[in-house]
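Architecture at a glance
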Protein chains: 2
Amino acid sequence: MTTTKAAQKRAQAKVEYNAFLAACPSRRLLDRISDKWVVLILCALGGDNGSRQPGAAHADVPKAMRYSEISRLLAGVSQKMLTQTLRSLERDGLLTRTVTPTVPVTVSYELTDLGLSLHHMTRGLRHWAQSHMAEVLAKRENYDARTS
Amino acid sequence: MTTTKAAQKRAQAKVEYNAFLAACPSRRLLDRISDKWVVLILCALGGDNGSRQPGAAHADVPKAMRYSEISRLLAGVSQKMLTQTLRSLERDGLLTRTVTPTVPVTVSYELTDLGLSLHHMTRGLRHWAQSHMAEVLAKRENYDARTS
DNA sequence: GGAAGTAGGCACTTTGAGGTGCGTAACCCA
DNA sequence: TGGGTTACGCACCTCAAAGTGCCTACTTCC
């Protein structure tokens, strides 16, 4: 036996690295926004809705929305996931939830400054996607065709 | 029955929206980089390695790396996931894989221009994380404390 | 009087991302 | 002679994220 088995050393490096990852802010942000609906909700509340008029410059005015409004805009989301995602975003201080006790209670959600800043950051991401994603997909098909 | 049941309309809107999502470039990009290891590999090959010397300005020189180098740098990754992730990145034209038939074959990976551009984009993401993630985590704990 | 809306809660189930472990085939070194 | 390295392939397993379906009270509209 040498001083330490090489396999043991690797195992130790592994747990250390994993601990590092768990605390890394970038990693936590990625875990946050990689959620299927988070970015979509951010876009909805931030004003980047799905209207894809090419000529229209995005006014991009953030607005408060009600639960059912978001639900209709993001037609694919289940009620459960919408509630869950909104709660987690509120928990992280990215949006505010205000209940107004009308006859049937209405709840409206609005981005905080923090949420707005995150929304602005995701714009760079969307820009990259719109300008480069087509190339990526083309290369992917090319690759699949070559490897027959 | 009215002309169309409202429930049916909602169901249709749902499948349409889901189809839209499947084709949306931003969504596909997010699916791509939300992979646990993609961004880490990008950082490794892009030169943003884990060395966290605060004073040292990141030289950020992209370099080719061998399979085992990456494996050691990202100590937590399993061999399977590393291979799988590298292959998918090659497939998308984000990096190149070159085999040199030495005695035991050595394989080296290098970012393409496309991959490099994606890596640069992720930098904005990391910047946001480093400047705002602490605030998010603080609000989260605050929220958890309030709801006792 | 039945359908629709409002804002969810609760329980069950499925899916797949990711991990684990084993094997290769050739070489090197103590 | 036995462990280490190189770059994976393959099969199995697990667990949590996400989806589905059903429920609430109360109200308003046609």
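Just above sits the structure.
One structure accompanies this document, and this report is about it. The numbers attached to residues start from 1 for each chain and follow its sequence in the written order. Labels are handed out in written order, letters beginning with A for the chains and numbers beginning with 1 for the ligands. The predicted origin of the model limits local features to residues at a pLDDT of at least 70 and limits the giving and counting of side-chain atom pairs to 80 or more, whereas totals for whole chains, interfaces and linings rest on all residues.

This brings us to the pairing of strand 2 (residues 95-100) of chain B. Residues and elements named next belong to chain B. As defined by bridge partners, strand 2 adjoins strand 3 (residues 106-111) across six bridges and the pair is classed as antiparallel. If you follow Thr-100 over to strand 3, its bridge partner there is Thr-106. Hairpin connection from strand 2 to strand 3: five residues lie between these consecutive antiparallel strands. When DSSP finds at least two bridges between two strands, those strands are taken to pair. Here a helix means four or more residues in a row that DSSP labels H or I, a strand means two or more in a row labelled E, and each is numbered from the N terminus.

Let us look at the protein's contact with DNA strand C. Using a C-beta atom placed from the backbone, a residue is scored as near a molecule or strand whenever that atom is within 6 Å of it. Inspection of the region around DNA strand C gives 20 residues, with Tyr-67, Ser-68 and Thr-106 of chain A together with Lys-36 and Ser-78 of chain B positioned closest. Mapped by element, the contributors of at least two residues to the surface near DNA strand C are helix 4 (67-73), helix 5 (79-91) and strand 3 (106-111) of chain A together with helix 1 (6-23) and helix 5 (79-91) of chain B. If one sorts the elements of the surface near DNA strand C by residue count, helix 5 of chain A sits on top with three residues. Charged residues are taken to be Asp, Glu, Lys and Arg, nonpolar residues to be Ala, Val, Leu, Ile, Met, Phe, Trp, Tyr, Cys and Pro, and polar residues to be all remaining types, Gly included. Its residues assigned to classes, the surface near DNA strand C shows nine nonpolar, five polar and six charged.

Here we come to the nonpolar core. Formed by 48 residues in total, the largest nonpolar core has its most connected members in Ile-41, Ala-44 and Leu-45 of chain A together with Ile-41, Ala-44 and Leu-45 of chain B. In this view, Ile-41 of chain A contacts Ile-70, Thr-85, Leu-86 and Leu-89 of chain A; residues no more than four positions away in its chain are not counted. A set of buried residues qualifies as a nonpolar core if it consists of Ala, Val, Leu, Ile, Met, Phe, Trp, Tyr and Cys joined through C-beta atoms within 7 Å. Neighbour density around each residue's C-beta defines its exposure: 20 or more other C-beta atoms within 10 Å make it buried, 12 or fewer make it exposed, and counts between make it partly exposed, where C-beta atoms are placed from the backbone. Any residue pair is listed as a contact if its two C-beta atoms, each placed from the backbone, are within 7 Å.

With that out of the way, let us pick up the interface of chain B and chain A. Between chain B and chain A, the residue contacts involve 34 residues of the former and 34 residues of the latter. At the level of secondary structure, the elements contributing two or more residues to the side of chain B that touches chain A comprise helix 1, helix 2 (25-33) and helix 6 (113-146) of chain B. Residues belonging to the side of chain B that touches chain A are distributed by class as follows: 17 nonpolar, nine polar and eight charged.

The subject of this paragraph is the relation of the copies chain B and chain A. One chain copy maps onto the other through a rotation about an axis and a shift parallel to that axis. A least-squares superposition brings the copies together, and it is based on the C-alpha atoms of residues with pLDDT no lower than 70 in both. Aligned on chain A, chain B shows an RMSD of 0.1 Å; the corresponding rotation is 180° and the shift along the axis is 0.0 Å. Taken together, these values place the two copies in the relation of a two-fold axis. Taking C-alpha positions as the reference, the residue of chain B nearest the rotation axis is Ser-34 of chain B, at 2.5 Å. Mapped onto chain A, 100% of the interface residues of chain B are again interface residues, and the two copies thus contact each other with one and the same surface.

Moving on, we come to the protein's contact with DNA strand D. In the vicinity of DNA strand D, 20 residues are found, and the nearest of them are Ser-78 of chain A together with Tyr-67, Ser-68, Thr-106 and Val-107 of chain B. Those elements that place two or more of their residues in the surface near DNA strand D are helix 1 (6-23) and helix 5 of chain A together with helix 4 (67-73), helix 5 and strand 3 of chain B. With three residues, helix 5 of chain B is the largest single contributor of residues to the surface near DNA strand D. Of the residues assigned to the surface near DNA strand D, the class counts are nine nonpolar, five polar and six charged.

Another aspect to go through is helix 2 (residues 25-33) of chain A. Along helix 2 of chain A, the positions that sit buried rather than exposed are Ser-26, Leu-29 and Leu-30 of chain A. Projection of helix 2 of chain A onto a plane perpendicular to its axis shows the buried side chains occupying an angular sector of 100°, all on one side. By arc we mean the arc of the directions from the helix axis to the C-beta atoms, nothing more.

Before going further, it helps to examine the pairing of strand 3 of chain A. Two elements, strand 1 (residues 65-66) of chain A and strand 3 of chain A, share two bridges in a ladder whose sense is antiparallel. The residue of strand 3 of chain A that forms the bridge with Met-65 of chain A is Tyr-109 of chain A.

Glancing now at the sheet that holds strand 1 of chain A. Residue and element names in this part refer to chain A. Here three strands make up an open sheet; going across it, the order is 1-3-2 and the pairing antiparallel. The sheet is open, and its two edges are formed by strand 1 and strand 2 (95-100), each paired on a single side. A fitted line through C-alpha atoms serves as each axis, taken over the contacting stretch for helices, and the angle formed by two N-to-C directions is quoted from 0 to 180°. Contacts between helix 5 and the sheet are confined to strand 2 and strand 3, with strand 2 contributing the most and set at about 115° to the helix.

Turning our attention to helix 3 (residues 38-46) of chain B. Residues and elements named next belong to chain B. Burial within helix 3 is extensive, with nine of its nine residues counted as buried. Residues of helix 3 that are buried include every one of Val-38, Val-39, Leu-40, Ile-41, Leu-42, Cys-43, Ala-44, Leu-45 and Gly-46, and no others. Downstream of helix 3 by a residue or two, Gly-47 has a phi angle that is positive, lying close to 105°.

So, about the sheet that holds strand 2 of chain B. Residue and element names in this part refer to chain B. Here we have three strands laid out as an open sheet, ordered 1-3-2, and antiparallel in their pairing. Each of the sheet's edge strands pairs with one partner strand only, and the pair in question is strand 1 (65-66) and strand 2. The strands touched by helix 5 within the sheet are strand 2 and strand 3, with strand 2 carrying the most contacts at an inclination of about 115°.

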